[in-house]
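So the chains spell out like this:
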Amino acid sequence: MTGYFIQAFIYLVAAVIAVPLAKRFGLGSVLGYLVAGVVIGPILGLVGQETTTIQHFAEFGVVMMLFLVGMELDPKGLWAMRVRLFGLGGLQVALTTTAGTIIAWWLGLVWQTALAVGLIFALSSTAIVLQTLNEKGLAKTEGGRSAFSVLLFQDMAVIPMLALIPLLALPELMGTGGSDGHASLSLVAHLPGWAHALVVVAAIASVIAAGYYLVPLLFRYVIGSGLREVFTATALMLVIGIAALMSVVNLSPALGAFLAGVVLANSEFKHELEANIEPFKGLLLGLFFITVGAGINFSVLAAEWGTVLSLGVAVIVVKGLILLGLALLFRVHGSNGWLFTLSLAQAGEFGFVLLTYSVQNNVISTDISQVLSLVVALSMFVTPLLFIAYDRLVLPRYLTVKNDDREADTIEEQAPVIVAGVGRFGQIICRLLRANNIPIVALDLEIEQIENLRKIRIKSYFGDASRSDLLETAGIEYARLLVIALDDRDRALQMVRHVKRAYPHVWVLARAFDRGHSYQLREAGADDVVSETYHSALELGGHALTAVGVHPMRAKQMTWAFVQNEEAHEDELFAAWKEIEGGISFSPRYGELFMKLEESLNSAMHQDWPEPQREDVPIWTPPEADKQ
C-alpha cells in the first residue's frame, strides 16, 4: 500500500510543478504533463514499468472526454456535420492509410505489416487535440469543428481496424508475438460474422434506448436520496457501464460513450452530469499524458534516434500535406485550414492500442513495434509545439493579411452619420438608424460583418475606420455624428482623440467596455459614452427584482433610481479618476467616493416614492399591508 501512495504522490507532484510552469510560459497544459512524465520517468527513473498499466487505466479519461463532447451535441447537430464527418473524416483516414502503407512497403516491410502501420498512423490524438482546442478557445472555429469531425470518424474507424488486423497475421511471427494482454470477457469472440453484427447493433440500440427512457428514471430516483455523492457515483457508473458494454462486443468504449453523450445532450440532468464528470476527466487525461512521457524508452531511442526522428518528421509532414489538401478541397481556408492541418498531423493514443493488438496478432514484430511506439509518442509530444507555432506564427500572419494586405473598399457615398465597427454592438445601432431612414456609412475590418450588413441593404465598407484618409472619404468633415462601436479599446481611444482634435464640430458617441474605459473616452473628448453591458445588466436586474416578488412597477422605479443615482455622482467620480494615474483601483479618494455612491444608492432603494421621478414611468405605490 505504501508503494501506491508514493507512486501517486510522485505523479501528482510532477503535475503540480510542471503544468503551471508550462501554462505560465504559454506552452499549454498538455506539454506540461508530457514534460512531467519525461522527467519522472526516463530522466529521474522515479516511475517504472507500472506506467503501462496506469496508462490503460488513464485512457478512461478519453472515454469521459468523448462522453462530455457528445453532451455538447444533439442528434440534429450530429446530422448537420455528416458531410465533414464522413467526407472529410473518411478521406483523411483512407488517404493517410494509403500513404502510410506505401511508405512502409517502400521501406521494406511486407504488405500486411505495412498496412497495419498505415492504419496506426492514420489516427490522431483525440485526447491532446480536443483538450488543447478547448483550452485555447478554438473548438468553435471552423478549423476546430473540422478537426473534431475527423477525430470522431477516426474513433469510429478503430472498430473495423481492430476487425481487420487479425486477418493480416504473418505465419513467420507465430509464437513470437506477445500473449493477448488484453484478453478479457467477450460476447462475440467465437460468433459468426452475422451474429457478431447483430450483437453490436443490439448493444448500440440498448445504449440509445436506455439513454432516452431508463437513465432519466434512474437519476430521478437517485436525486430523491438527497446525497450528492450518490449522484456522482451514478454518473461514473453510467460511463463505466457503457465502456464495459462496448468493450465486451469489441467496440470502441470512447465511441460508445460519445453516443451516450449525444443521447443525453437534451437531458434535464446534462449540466449536473458535466459538473460531476469533468474533474475525473481532467485528472485522468492529465495522468494519461504523464504516462505517455514516462513511457518513452530512452535506450531504444538512443540506439535508433535517427530512425525515430526521421519517421516522426515523415509522419507529421505526410499527414500535414494530406490534411492541407483536404482543407483546400473542403474549403477550410486561411488560418482555419492551418489549424485543421497542424492539430491533426500526429499519431494518437489509439495508435498504441492498434500497435499492441498488431503485435499480439502476429502482424508486427516486437522490434519494429518498439520503434513505432517511440514514433507515435514523439509525434504526440510535438503536437503542443505545433499549436504554439499556430498561435505565434500562423495566426498573426493571417490577421495581418486580413487587416493590412486587403485593400480598403472604395467608399462611394457620404452620409451625416458614420458608424465605426459593426459587430454585435454596432449592428443594432445601424439597424435602428436605417429603420428611421437616417443615411449612414458603416466601416469595419471584419469582412463577414460587412457582408451581413449588405445582406440587409445597409451601406457598409471594408476598411480601418481609425485611418484618417478613410474617414475623410466617408465624409467626416461634413458629418454630424460619429458612432464609435469598435471592439478594440486602444483604437477607439485613438479615434476619439483624432476626430475631436481635427473635427471638433462632430458629435462623437462611443462604446465603452467598462467604467475605467468610459472615463478614458470622456477624457479623450467623446461627447457621449455608453457602457456596452450597462443597460442590459440594468434590465436584467429589474427582471431579477420582479422574479423575487417585487412589483413590476416598483422594480422599474428602482432601476430608474439606480440610473439617476449613477448620473448624480458621475462627474464627481470622473474628477477623482482624473486626479490619479494607473486606474480607478489605485485611488483611495475614488474608493471613498464610490462607497458614498453605494450608500446613496441604498437610501434611494428604500424611499417611499411619493412623487413620480420620470414622466414616462407609471408610479406604483404598494398597499399598506405590503409595506415593511
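Q: Which parts of the structure should I look at to understand the overall build of the protein?
A: The helix and strand inventory of the protein stands at 26 helices and 6 strands. Here the protein holds 628 residues, and the buried ones make up 46% of them. Contacts spanning at least 24 positions in sequence make up 75% of the contacts within the protein whose residues lie at least 6 apart. Counting every atom, the protein has about 31800 Å² of accessible surface; 62% of that belongs to carbon and sulfur.

Q: Looking at this structure, how should I read the side chain of S146?
A: Here S146 lies in helix 9 (residues 142-164). Polar contacts involving the side chain of S146 include one to the side chain of R84, which spans 3.0 Å. For S146, the residues in contact, after removing those within four places along its chain, are R84, L88, V332 and F340.

Q: Explain the environment of L133 here, please?
A: Looking at the secondary structure, you find L133 in helix 8 (residues 126-135). Along the primary structure L133 and R145 are separated by 12 residues, whereas in three dimensions their C-alpha atoms are 9.7 Å apart. Here L133 is in contact with L138, A139, G144, A147, L339 and F387, once residues within four sequence places are set aside.

Q: What is the right way to look at the pattern of salt bridges in this model?
A: Oppositely charged side chains may form a pair once their charged atoms are brought near each other. In the structure shown here, the tally under the stated rule is 3 salt bridges. Here E142 ties to R84 by a salt bridge, and the two come within 3.2 Å at their closest N and O atoms. Here E142, found in helix 9, pairs with R84, found in helix 6 (residues 82-106); they are 58 residues apart in sequence, far enough to count as distant. A relative accessible area of 22% means that R84 is categorised as partly exposed. Salt-bridge contacts for D527 lead to K500; the nearest nitrogen and oxygen are separated by 2.9 Å. Here K500 lies in helix 22 (residues 489-502) and D527 lies in the loop between helix 23 (515-524) and strand 6 (528-531), a separation of 27 residues in the sequence. Using a relative accessible area of 30% as the deciding quantity, one classes D527 as partly exposed.

Parameters at a glance
- Residues numbered from 1 in each chain as written.
- Predicted model: local features only at pLDDT ≥ 70, side-chain atom pairs only at ≥ 80, totals over all residues.
- Heavy atoms only, no water.
- Helix = DSSP H or I, 4+ residues; strand = E, 2+ residues; numbered from the N terminus.
- Buried < 20%, exposed > 50% of the residue type's maximum accessible area, 1.4 Å probe, protein only.
- Contact = heavy atoms within 4.5 Å.
- Areas by Shrake-Rupley, 256 points an atom, 1.4 Å probe, with all protein chains shown as cover.
- Polar contact = N/O pair within 3.5 Å; in protein donor to acceptor, adjacent residues only side chain to side chain.
- Salt bridge = Lys/Arg side-chain N within 4 Å of Asp/Glu carboxyl O.

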